[in-house]
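# Observations on the three-dimensional arrangement
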Amino acid sequence: MTERYINPEEANFAAFKDLPRDRPIHMLNLVQYRDEAAYPEGHENAGKGWSGARAYKEYGRTSGPIFARVGGKIVWRGAFEAVLTGPEAMHWHDGFIAAYPSAAAFFEMIKDADYQKAVVNRTAALADSRLVRFDPGEKGAGF
């Protein structure tokens with residue numbers, strides 16, 4: 001894979017904002033860490049020699065209370081093993097689904113000043129990622 005995605009593209013974010021905000025959403029997160037975190041010069045964590053995985057752990061530590069405050073919770077987490085359908089070179093270090101009580105709660109989180117400070121750790125940590133919104137469907141045995 002040669003294209004990398006860390007933050008939302010403007011057109012994708014505009015489409016996301018146009019979707020309903022008053023119902024629950026699930027956000028599929030696929031993350032690939034940098035070998036070494038890439039913090040902006042002058043950031044308090046720059047020069048610490050952290051791995052991307054360590055920087056992402058810091059993102060979780062600093063953004064977790066905000067995520068919980070807006071009602072977010074992790075409803076599934078898994079460890080990457082293999083790709084069956086998709087590019088052979090695709091590899092993710094972690095995958096999880098974050099549930100929000102509403103898209104409005106997600107927006108409340110990302111607009112929070114403390115979250116905006118915390119997200120620097122996410123950006124420094126990631127070599128590539130996907131963040132995909134889903135309308136949570138019914139659980140059960142069938143497709």
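Read on for an overview of the structure.

Conventions we followed
Once a new chain begins, its residue numbering starts again from 1 and follows that chain's sequence as written. Residue-level local features of this predicted model are given only where pLDDT is at least 70; pairs of side-chain atoms are given and counted only at 80 or more, and the full residue set underlies all totals for whole chains, interfaces and linings. Only hydrogens and water are removed before side-chain values are computed, so all heavy atoms of the structure are retained for them. Runs of H or I in DSSP of at least four residues are treated as helices and runs of E of at least two as strands, each being numbered from the N terminus. Only the stretch in contact is used when a helix axis is fitted, and all axes are lines through C-alpha atoms; the angle between N-to-C directions ranges over 0 to 180 degrees. In what follows, roughly perpendicular refers to angles from 65 to 115 degrees, roughly parallel to angles under 35, roughly antiparallel to angles over 145, and oblique to any angle outside these ranges. By the definition used in this description, the sense in which the near helix is turned from the far one sets the handedness, with an anticlockwise turn below a right angle giving left-handed and a clockwise turn giving right-handed. Residue contacts follow a heavy-atom distance rule, with two residues in contact if any of their heavy atoms lie within 4.5 Å. Classes in brief: Ala, Val, Leu, Ile, Met, Phe, Trp, Tyr, Cys and Pro nonpolar; Asp, Glu, Lys and Arg charged; the others, Gly included, polar. Here, a strand pair is defined by DSSP locating no fewer than two bridges between the strands. Working definition: with a 1.4 Å probe on protein chains only, accessible area under 20% of the residue-type maximum means buried, over 50% means exposed, and in between means partly exposed. In summary, the pairing rule links any two rings of Phe, Tyr or Trp, Trp by its six-membered ring, whose centres are within 6.5 Å, and it sorts them by plane angle into stacked for under 30 degrees, edge-to-face for over 60 and tilted for everything else.

### Brief notes about the environment of Ala 15
As for its placement among the helices and strands, Ala 15 is situated in helix α1 (residues 10-18). Taking the C-alpha atoms as reference, Ala 15 lies 30 Å from Gly 142; in sequence the two are 127 residues apart.

### Description of the packing of helix α2 (residues 52-69) against helix α4 (residues 113-125)
Between α2 and α4, whose axes approach to 7 Å, the crossing angle comes to 160°. As summarised for this structure, α2 and α4 are arranged roughly antiparallel, according to the angle between their axes. In the crossing of α2 with α4, the sense of the turn from one axis to the other is left-handed. Residues Gly 52, Ala 55, Tyr 56, Glu 58, Tyr 59, Thr 62, Ser 63 and Ile 66 of α2 form the contact with α4, whose participating residues are Asp 114, Tyr 115, Ala 118, Val 119, Asn 121, Arg 122 and Ala 125. Classifying every residue of the contact of α2 with α4 gives 8 nonpolar, 4 polar and 3 charged.

### So, the sheet that holds strand β4 (residues 126-134)
The strands that make up a sheet are held in pairs by hydrogen bonds between backbone atoms, and each pair lies either parallel or antiparallel. Spatial strand order, β2-β3-β1-β4: 4 strands in an open sheet with antiparallel pairing. The sheet is open, and its two edges are formed by β2 (73-79) and β4, each paired on a single side. Direction aside, neighbouring strands of the sheet carry axes that sit 15° apart on average. Bridge count between β2 and strand β3 (residues 94-100): 6 bridges; the pairing is antiparallel. Across the sheet, the residue bridging to Ala 79 is Asp 94, located in β3. Relative to the sheet, helix α3 (residues 103-111) contacts β1 (25-33), β3 and β4, its axis offset from that of β1 by approximately 45°.

### Quick word on α4
The set of residues buried in α4 consists of Tyr 115, Ala 118, Asn 121, Arg 122, Ala 124 and Ala 125. Buried residues along α4 sit in contact with β1, α2, α3 and β4.

### Remarks on the packing of aromatic side chains
All chains considered together, the criterion is met by 11 aromatic pairs. For the ring pair Tyr 33 and Tyr 56, a centre distance of 5.5 Å and an interplane angle of 55° mean the geometry is tilted. Of this pair, Tyr 33 sits in strand β1 while Tyr 56 sits in helix α2, and the two are 23 residues apart along the sequence. Accessibility expressed as a relative area gives 14% for Tyr 33, which makes it buried. Arranged with centres 6.1 Å apart and planes meeting at 70°, the rings of Tyr 59 and Tyr 115 form a pair that is edge-to-face. Within this pair, whereas Tyr 59 is found in helix α2, its partner Tyr 115 is found in helix α4, the two being separated by 56 residues in sequence.

Everything listed here is a matter of geometry and, on its own, says nothing about what the molecule does.
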